[in-house]
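# Structural description and commentary
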Amino acid sequence: MRYFNLLTLMLMISLGVVAQSDKKPVKIEGTIGTSYDYYGLTTDPNSPSFYSPRRPWNLVRFNVNPIITTGDFKIPININVSPTTYNFNGIGGWWPPSIPRPKQTFGQWLTNPINNIGINPSYKWAQLQLGTQYLRYSTLSTGDLGVFGAGVDLRPGNFRFKFFHGISQQKQNPIFTPAPGVLGVYRRNQTMAQIGFEKKDSYFAGFNIVRSKDAEDSILPIPAVAKPPHPDPQEGVVVTFMLNVKDKKGWYFNTELGNSYHSRDINDVSAPVVNNGSFKGLVGLLTPRISTSQGFAGLGSVGKKSKNFDLGFNTRFYSKGYYTAGYPFLQNDRLDFTINTRVASTDRKYIFNGDIGQRFTNWSGTRNKQLIANANMFAQFTEQFSLNATYNNFGFQAPAYGTFMGLKNVSNDLSINPTYTWSNQKMSNMISATYSWSKFDETVLPNPATTNNTQSVLLLYVPVFYNWKLSPDFSVLWFENKVTPTNLDLTLYSATMGASMPLKKPKMTVKAQLQYTNTKLMAFTPSNNILATAGFNWNVTKKIAWALSGTLNFMKYGDELTPPATMLGANYTESHVKTSIQYRLGK
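Residues numbered from 1 in each chain as written. Predicted model: local features only at pLDDT ≥ 70, side-chain atom pairs only at ≥ 80, totals over all residues. Heavy atoms only, no water.

### A look at the overall build of the protein
- Helix and strand counts for the protein stand at two helices and 27 strands.
- The proportion of buried residues among the 587 residues of the protein is 35%.
- At a minimum sequence separation of 6, the contacts of the protein that also span at least 24 residues come to 55%.
- Carbon together with sulfur atoms contributes 63% to the accessible area of the protein, which is approximately 32,900 Å² in total. (Helix = DSSP H or I, 4+ residues; strand = E, 2+ residues; numbered from the N terminus. Buried < 20%, exposed > 50% of the residue type's maximum accessible area, 1.4 Å probe, protein only. Contact = heavy atoms within 4.5 Å. Areas by Shrake-Rupley, 256 points an atom, 1.4 Å probe, with all protein chains shown as cover.)

And the structure:
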């Protein structure tokens, strides 16, 4: 009922604002429309099953996105929904075929991530936020998770105040039989606020506070016996201070300091309440227990930006106990520092962006070092020839926890992309080549390290005819992937041809693409894939647009699925049809 009341409140406020504007013209812009997706799959043989459907068989979506303006009132409405009859929640979004999906309640439908209903009426410096909102107050506090609820954003003068309360995670009762069962998920309520002062292009100083708590009674009790794994109900509070300063000469200084308290299991009766030490000030915000951890985090950056040169220093620190609901998978217990720069020639023909630094993981224990390096270079040597190159280094390390002994991975990626263009009186031509190299090393203790090496070369040619409406493009791809110690060796060859052409009567653009791929896996016979796509975008009237596209995907395997012998030459055919109609509001 509360979801219905909130939805009714959203509509009443929006209609009330418009009703009070009888002396001022009402301006309505935006779009409304609908879309439909059909998915089909046939496999040969039908049994044993070797390929699962990748999409729902039918999916209908409706979008209503008007912006209503009258005087100083403005009402953006964002409604994107689907009449989905089942709940989104499951183990990673996956649901066992042996267990029927439960139908959604109205509240679950409203907060389902597939749906988005939000209304943000505003008057001058005041904004009301209703429905699903993606609010990012700061890096260390809220994150950017979607929350369904209500709040305000007030900006009178230099004063800033934000508040929002809602549901960031919907409940799902656990299902024990039949096996393998379904994960239970608690409903999570989240409250957040920000207060501070801001002067545009000068400074911001303020505090953020976020409280998230799972409702212990939102799902059925889970017996303490061997049942499907389930998360324990959690509770957390994060408080941060943020200061951003910059001047007209390009100097800047940004920092955020955060303190968090997080309980991993608020149902654990063996974890008594603790009210001493630093936990004394949490009365009314969180019930501290022995399982409650305290954490600290800090971000900082200082530097100068100019027209042709930037230089800055950045640092990030997350203690072992720091946790925020906005980033539930944040790697903590680490220190990062980087130096970043940008150098550009006065004519913008040569540009370099890069940063280099060091990451220290497992900061509270035996520390490990990882290189942080990213670089991008663009060079326009002549009017015809340019070169773009990119390098990235990324590392991640998870410490041991319980029976998990730890994980470490390091990724190195390099990409080189030269482009050459030339033209004559009849046409212009563009040819582009991209070479990509990637090395990924991963160690999941106590297993030995796994190395994943990938190389690819993509060649693209695009001719443009001045007196011909048809616009074709052609590309070929070579891809190689080798994994050790499993000795996996995969090689792929692909060729693609596409074309688009505008028409005057009817006023539309038609397009099509055909792709052939040959894949060789180790010593198995190659598999073959044909992918064909065709469609159009048609401006039926000045306000109505209709889009239609269809895709056919045929895949035939070699002998990699054998035995049994019936899987020799196994194949599947996927079909996907998508259509949408959009109506543009306003003049």
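### Observations concerning unusual backbone geometry
- In the segment running from Lys505 into Pro506, the intervening peptide bond is cis, with an omega of -10°.
- Backbone torsion omega between Pro563 and Pro564 reads 5°, so that peptide bond is classified as cis.
- With respect to the helices, strands and loops of the structure, Pro564 is situated in the loop between strand 26 (544-556) and strand 27 (571-585).
- Positive phi values are uncommon outside glycine, yet Lys124 reaches one of about 55°.
- With respect to the helices, strands and loops of the structure, Lys124 is situated in the loop between strand 5 (122-123) and strand 6 (126-134).
- Not every positive phi belongs to a glycine, and Asp333 is a case in point at roughly 55°.
- Note on placement: Asp333 falls in the loop between strand 14 (309-318) and strand 15 (334-344).
- Note on Asp333: relative accessible area 4%, which makes it buried.

### Some thoughts on the packing of aromatic side chains
- Across all of its chains, the model carries 19 aromatic pairs by this definition.
- On the basis of an interplanar angle of 75° and a centroid distance of 6.1 Å, the ring pair of Phe317 and Trp363 is categorised as edge-to-face. Taken together, the residues span a long stretch of sequence, with Phe317 in strand 14 and Trp363 in the loop between strand 16 (350-361) and strand 17 (368-380) at a distance of 46 residues.
- Classification of Phe317 by relative accessible area gives partly exposed; the value is 22%.
- Here Trp363 falls in the partly exposed class, since its relative accessible area comes to 25%.
- Through pairs of rings, three or more aromatic residues link up here, namely Phe50, Tyr51, Tyr557 and Tyr572. (Phe/Tyr/Trp six-rings, centres within 6.5 Å; stacked < 30°, edge-to-face > 60°.)

### Some thoughts on the environment of Leu41
- Locating Leu41 in the fold gives a position in strand 1 (residues 27-44).
- Taking the C-alpha atoms as reference points, Leu41 and Asn553, 512 residues apart in sequence, are found 9.5 Å from one another.
- Setting aside residues no more than four positions away along its own chain, Leu41 makes contact with Tyr51, Ser52, Pro53, Trp57, Tyr572, Thr573 and Glu574.

### A look at the pairing of strand 16
- Sheet analysis places strand 15 next to strand 16, joined by eleven bridges and oriented antiparallel. Following the sheet pairing, Ala344 is matched in strand 16 by Ile351.
- As consecutive antiparallel partners, strand 15 and strand 16 are separated by five residues, and within that stretch Arg348 has a phi angle of approximately 65°, a positive value.
- The pairing of strand 16 with strand 17 spans twelve bridges and is classified as antiparallel. Residue Gly354 lies in a different strand from strand 17, and its bridge partner there is Ala375.
- Taken together, strand 16 and the strand that follows it, strand 17, pair antiparallel across an intervening segment of six residues, in which Asn362 is found at a positive phi of about 55°. (Pairing = 2+ DSSP bridges.)

### A closer look at the nonpolar core
- Of all hydrophobic cores here, the largest spans nine residues; its members are Tyr39, Leu41, Phe50, Tyr51, Met555, Tyr557, Met567, Ala570 and Tyr572.
- Ignoring anything within four residues of it in the chain, the contact list for Ala570 reads Asp44, Pro45, Phe50, Met555, Lys556, Tyr557 and Leu561. (Core = buried A, V, L, I, M, F, W, Y, C linked by side-chain atoms within 4.5 Å.)

### Things to note about the pattern of salt bridges
- According to the stated counting rule, one finds twelve salt bridges in the structure shown.
- Salt-bridge contacts for Arg334 lead to Asp336; the nearest nitrogen and oxygen are separated by 3.0 Å.
- Arg334 sits in the buried class, given a relative accessible area of 8%.
- Of the residues examined, Asp336 reaches a relative accessible area of 6% and is grouped as buried.
- Ionic contacts of the salt-bridge type, sharing partners, join the residues Asp153, Arg155, Arg160 and Glu198 into one network. (Salt bridge = Lys/Arg side-chain N within 4 Å of Asp/Glu carboxyl O.)

### Section: the side chain of Glu574
- Position of Glu574 among the secondary structure elements: in strand 27.
- A distance of 2.5 Å separates the side chain of Glu574 from the side chain of Tyr39, its partner in a polar contact.
- Side-chain polar atoms of Glu574 contact the side chain of Tyr51, separated by 3.2 Å.
- Excluding residues within four positions of it along the chain, Glu574 makes contact with Tyr39, Gly40, Leu41, Tyr51, Arg54, Thr551, Leu552 and Asn553. (Polar contact = N/O pair within 3.5 Å; in protein donor to acceptor, adjacent residues only side chain to side chain.)

### Looking at the confidence of the model for the protein
- For the protein, the mean per-residue pLDDT works out to 86, and 85% of the residues sit at or above 70.
- Low pLDDT (under 50) marks residues 89-93, which in the prediction has eleven contacts with non-local residues, meaning those over four places away or in another chain. (pLDDT = per-residue confidence, 0-100.)

### A word on the side chain of Asn481
- With respect to the helices and strands, Asn481 occurs in strand 22 (residues 471-484).
- With a relative accessible area of 13%, Asn481 lands in the buried category.

### Things to note about the pairing of strand 20 (residues 427-444)
- Where strand 19 (residues 407-423) lies against strand 20, 15 bridges are found, and the strand directions are antiparallel. Within strand 20, the position partnered with Leu414 by the bridge is Trp437.
- What sits between strand 19 and strand 20 in their antiparallel hairpin is a turn of three residues.
- By the bridge criterion, 16 bridges tie strand 20 to strand 21 (residues 450-465) in an arrangement that is antiparallel. Bridging from a neighbouring strand, Ser428 pairs with Val464 of strand 21.

### What to know about the environment of Asp336
- Mapped onto the fold, Asp336 is located in strand 15.
- Considered as a pair, Asp336 and Thr361 are 25 residues apart in the sequence and their alpha carbons are 8.6 Å apart.
- If we ignore the near neighbours within four places in the chain, the residues touching Asp336 are Asn314, Thr315, Arg316, Gln358, Arg359 and Ile372.

### A closer look at the environment of Ser580
- Among the secondary structure elements, Ser580 is positioned in strand 27.
- Under the relative-accessibility criterion, Ser580 is labelled buried at 18%.
- For the pair Ser580 and Arg61, spaced 519 residues apart in the sequence, the C-alpha separation amounts to 9.1 Å.
- Those residues within four positions of Ser580 in sequence are excluded, and the remaining contacts are Thr34, Ser35, Ala545, Trp546 and Ala547.

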